[in-house]
Protein chains: 2
Amino acid sequence: MRIAQVAPLIESVPPQAYGGTERVVSYLTEALVEMGHDVTLYASGDSVTSARLVAVTDRNLRLNPQRPDWVTWHTIMTDRVFSDADRFDVIHFHVDTLHLPLARRVAVPSVTTMHGRLDLPDLQPLIRHFREHPLVSISDSQREPLPWANWQATVHHGLPASLYSFHPRPGDHFAFVGRISPEKRVDRAIEIAIACNTPLRIGAKVDAADRLYFETHIEPLLEHPLVDFVGEIDEAEKNDFIGNARALLFPIDWPEPFGLVMIEAFACGTPVISYPNGSVCEIMEHGVTGFVAHNQEQAIAAARRIGEIDRRRCREAFEARFTAPAMARRYLAVYRGLIDTPPQKPEASGGAHGGEDSDRRQVVRRRDLSPY
Amino acid sequence: MRIAQVAPLIESVPPQAYGGTERVVSYLTEALVEMGHDVTLYASGDSVTSARLVAVTDRNLRLNPQRPDWVTWHTIMTDRVFSDADRFDVIHFHVDTLHLPLARRVAVPSVTTMHGRLDLPDLQPLIRHFREHPLVSISDSQREPLPWANWQATVHHGLPASLYSFHPRPGDHFAFVGRISPEKRVDRAIEIAIACNTPLRIGAKVDAADRLYFETHIEPLLEHPLVDFVGEIDEAEKNDFIGNARALLFPIDWPEPFGLVMIEAFACGTPVISYPNGSVCEIMEHGVTGFVAHNQEQAIAAARRIGEIDRRRCREAFEARFTAPAMARRYLAVYRGLIDTPPQKPEASGGAHGGEDSDRRQVVRRRDLSPY
């Protein structure tokens, strides 16, 4: 199949720093190439791939000191993708929504994976306006704010099978990995570890936006002798950082769209203790790959009995459900569905598109204006 | 002629607060309707027009407390405009560049007026990528960073002839109108007024971004007894505020793309003292509508002899060159040129577009990647 993958330009593919979307695009792209597909990746020029790379920018936008305007470069990328459209059987976007006006005017099927949270107020009218556009969610729970959208499937993220290795015998500590931010609740993780009298190693970055929260709410907690804050860790360090932990503590307090670190833990054989928010209950199997707790009392009790979890079952869950080839196969099924049964598109370039939207269009004249 | 005018959604048309672009779109739209054309205005729903209004949002984005995402709403607007394209002979955009990928795929001619400064680094590759798209500049000097773009014309801004009234007998003070910011150089205006022992009335707003500059550099200067800082003034106040001044001081220090306040002054019969930056030498006639000074010494000398300028000549210059009907006639000539000789567009939806850009496209594989 001739497939275009369209990645954000903010980070390279794979990312040089933090960038969950760019990591997933990389894993998917490499898995599709491995399976023999003809894949073209639109991404920043410092991306590294075995697919055909179309370098839209010399390098990723985030690390460019000139602070390029992302709208400008994604506009150019959108144009280039659709200029090449007849070379592809399907176009897969991972870059929000700038492409939607063109997607509805071009015959080749396209699909967009929504990588972020969907409860932002402007997404409702935007997705409703382009409601024929096929979307993929990264968890079922992610869809909740937009249940009426044209969802084709939920495709959970996957990792290359050998990216993390099974760690059968962990050390005697817990791990926390991610950002320090109010919704990630590292404070809960610290409380759980202290209640269990178990060391906690924290591998986490602090974004500028979360600096004040870190200094006022978290830094005082780091003085406890059981807590070891090691700062940001890179991909290579993660394998042992997570794999050597008895459990990954993931006591989130927000609608996490996916939560890559959970499946990274499973890949290492490390069980997870989490809260039932966002995707968690789809990714976790309570009692098999860890425990889902509704409050701190339950979380602490779960952490105390984490030894009951068989780490091999965690790795098996990863291999069965969360590898990159598994993700690629699910996306291929989506692509085939779109090629076999293309969604009805509004009339192409120039024509009025029909349907509810045109009917709802308000055409008002001066005398009709309400005093806003 | 069936004309679409596409305005920014940031402010209503005309704007309720500061918004030079939205004011000009309003003046142009009303002038075209007055001349008998069939005009459709795409704008926020709180706009007021005698054209057909397509309300893309309920109200302007700037005053909406939910702080809507401008990219989302301009994406929706772009789609709606092109869905209606076959209802128009020409589409005139005033909203930057989100529409360029669609514009090249739709048969109806479109043109974009660039309302801002063009020396931003990302504009070069963007306009080069879409280099067939017809552009209009608001001054010749504005074009300097992009001389190779597909410029159709320079169309200077115009005001309704009766918006400001001729003030034959001014008071004995100077006026400064605009933003307080380093590039507007109100400090120069204060120095000129003090050197002439002439009162200066300052009608100006201070943006949040310029607050520190205002407090550290400008506020101390306002204590001088000749200086009267009255804060932001509205459109209705401007007529007498500018008209009663002996001169408008406009000693700018940046490449002003147009400078509406200069022609507002001319409309009142008030001469202008300015510096030769940006559009100034196109708008001003040195010795006729005021003086262009290269330094403060010249500016002070010019201010002392401002009585030599015949205020009727200022009003005549306005009536001859800077009315809204004059602006509308120039735009109509641009529209007719595009309808009679449509610019060559790259192949429409889906196809590869030809030309230099495709040739320069870098398709690189892993082994070709330079270590960035």
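Owing to the predicted nature of the structure, the values given are computational and were not obtained by experimental measurement.

Chemist: Break down the pairing of strand β10 (residues 227-231) of chain B for me, with residues and values.
Modeler: Residues and elements named next belong to chain B. With four bridges connecting them, strand β9 (residues 200-205) and β10 associate as parallel partners. Looking at the pairing, G203 lines up with G231 of β10. On the question of chirality, the crossover connecting β9 to the parallel β10 by way of helix α6 (residues 211-218) is right-handed.

Chemist: Lay out the pairing of β9 of chain B with the relevant residues and their values.
Modeler: Every regular strand shows the same layout, with side chains that alternate between the two sheet faces. Residues and elements named next belong to chain B. Of all six residues making up β9, five are buried, and the element is well covered by its neighbours. Taken together, the six bridges between strand β8 (residues 174-179) and β9 define a ladder with parallel strand orientation. The residue of β9 that forms the bridge with R179 is K205. In this region the chain leaves β8, passes through helix α5 (residues 186-195) and returns to the parallel neighbour β9; the handedness of that crossover is right-handed.

Chemist: Please give an account of the nonpolar core that cites residues and values.
Modeler: In this structure, Y42 and I91 of chain A together with Y42 and I91 of chain B are the most contacted members of the largest nonpolar core, which totals 64 residues. Not counting residues within four places of it along the chain, the set of residues in contact with Y42 of chain A comprises A4, Q5, V6, A7, V54, V56, M77, R80, V81, D84 and F88 of chain A.

Chemist: Account for the sheet that holds strand β11 (residues 247-250) of chain A, with residues named and values stated.
Modeler: Residue and element names in this part refer to chain A. The sheet built from six strands is open, its strands ordered β10-β9-β8-β11-β12-β13 with parallel pairing. Each having just a single partner strand, β10 (227-231) and β13 (290-292) make up the two edges of the open sheet. The average angle at which neighbouring strand axes cross in this sheet is 20°, direction not considered. Looking at chain direction, β11 and strand β12 (residues 272-274) are connected through three bridges and run parallel. Residue L249 lies in a different strand from β12, and its bridge partner there is I273. Its contacts with the sheet place helix α5 (residues 186-195) against β8 (174-179), β9 (200-205), β10 and β11, and it is angled at close to 170° to β9. Packed onto the sheet, helix α8 (residues 260-268) meets β8, β11 and β12 and runs at close to 170° relative to β11.

Chemist: Residues and numbers for empty space enclosed by the protein, please.
Modeler: On inspection of all chains with the given rule, the structure shows five cavities of 30 Å³ or more. Within this model, the largest cavity holds a volume of roughly 110 Å³. Forming the walls of the largest cavity are T75, T78, L98, H99, P101 and L102 of chain A together with T75, T78, L98, P101 and L102 of chain B. Together, A103, R104, S110, E132, H133, P134, P343, Q344 and K345 of chain B line the second largest cavity. Taken together, the residues of the lining of the second largest cavity sort by class into three nonpolar, three polar and three charged.

Chemist: Give a detailed account of the side chain of T75 of chain B, specifying residues and quantitative values.
Modeler: One can find T75 of chain B in helix α2 (residues 70-83). Those residues in contact with T75 of chain B, other than ones at most four positions away along the chain, are T97, L98, P101, L126 and F130 of chain A together with L98 of chain B.

What counts and what doesn't
- Residues numbered from 1 in each chain as written.
- Chains lettered and ligands numbered in written order.
- Predicted model: local features only at pLDDT ≥ 70, side-chain atom pairs only at ≥ 80, totals over all residues.
- Heavy atoms only, no water.
- Pairing = 2+ DSSP bridges.
- Helix = DSSP H or I, 4+ residues; strand = E, 2+ residues; numbered from the N terminus.
- Right-handed = clockwise from strand over helix to strand, strands pointing away.
- Buried < 20%, exposed > 50% of the residue type's maximum accessible area, 1.4 Å probe, protein only.
- Core = buried A, V, L, I, M, F, W, Y, C linked by side-chain atoms within 4.5 Å.
- Contact = heavy atoms within 4.5 Å.
- Axes fitted to C-alpha atoms, helices over the stretch in contact; angles between N-to-C directions.
- 1 Å grid on protein atoms, 1.4 Å probe; cavity = no way out; pocket = protein on both sides within 12 Å on 5 of 7 lines; lining within 4 Å.
- Points joined across faces, edges and corners; volume = space filled by probe spheres on them.
- Nonpolar A, V, L, I, M, F, W, Y, C, P; charged D, E, K, R; others polar.

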